[in-house]
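Survey of secondary and tertiary structure
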Amino acid sequence: MSLIAGLGLAATVAYAAEDPIKTRQAIMSSVGAAAGLGGGMMKGEIDYVPAAGKAAIATMRAASLAYGDYFPAGSDQGDTAALPAVWEDRAGFDEKLADFAAAAEKAVEASGKEGPADVEAFKAAFGPVLQACKACHETYRKSN
């Protein structure tokens, strides 16, 4: 790991310890951007580009590995879209996060070095990731 990346990670960890709600909101913002890009390509609203597909998948994978760490006890208070069910049913929440991580890992494996070759391959890889997101939101996130 480079010194700059290491310092960035250390700063993120320190920031998260101070405000896990803002950290998880930032992570979810990146997930929203990746979902918007990926969904747009899947619907044909955005031209499919393999590198963009790979980036959307990589963003989801990174989020799937970190997101669950930012729900410590007491972080249910404040400006959060998380429902009390996150803390009341932590095992169920962790299971949904594991489903998200598994779907994202499978999508990474399917995307290869350059990204899924075409939009159909991207849909097959990315669709299950979006479904895992939706399944978690249905139980653990407040409706807008």
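Residues numbered from 1 in each chain as written. Predicted model: local features only at pLDDT ≥ 70, side-chain atom pairs only at ≥ 80, totals over all residues. Heavy atoms only, no water.

Overview of helix α5 (residues 90–111)
The criterion, for reference: Strands here mean DSSP runs of E at least two residues long; helices mean DSSP runs of H or I at least four residues long; both are numbered from the N terminus. Take the number of residues in a helix, subtract one, and multiply by 1.5 Å to get its expected span. Each residue gets one of three labels from its accessible area relative to the maximum for its type: buried under 20%, exposed over 50%, partly exposed in between, using a 1.4 Å probe on protein chains only.
With 22 residues, α5 should reach 32 Å at 1.5 Å per residue; the first-to-last C-alpha distance of 31 Å fits that figure. Those residues of α5 not exposed but buried are G92, F93, L97, F100, A101, A103, A104, A107 and S111. Looking at the residues trailing α5, positive phi occurs at G112, about 65 degrees.

A short note on the nonpolar core
Under the convention used in this document: Side-chain atoms within 4.5 Å are what join buried Ala, Val, Leu, Ile, Met, Phe, Trp, Tyr and Cys residues into a set we call a nonpolar core. The criterion used for residue contact is that any of the two residues' heavy atoms lie within 4.5 Å.
By size, the foremost hydrophobic cluster in this structure holds 29 residues, and its most contacted members are M60, F93 and F100. Listed by contribution, the elements that provide at least two residues to this core are α2 (20–43), α3 (50–66), α4 (85–88), α5 and α6 (119–140). Looking at this core element by element, the count peaks at eight residues for α6. Leaving out residues up to four positions away in the same chain, F93 has contacts with Y67, F71, V86, C136 and Y140.

As for the side chain of S75
Summarising the element assignment, S75 is placed in the loop between α3 and α4. Overall, S75 belongs to the buried group, its relative accessible area being 4%. Residue contacts for S75: discarding those within four places in its chain leaves P20, I21, R24, Y70, T80 and W87.

A look at the environment of T139
Topologically, T139 is positioned in helix α6. On the basis of relative accessibility, which here comes to 36%, the residue T139 falls in the partly exposed class. Here the alpha-carbon distance between T139 and A82, two residues 57 residues apart in the chain, equals 9.4 Å. Here T139 is in contact with L83 and A85, once residues within four sequence places are set aside.

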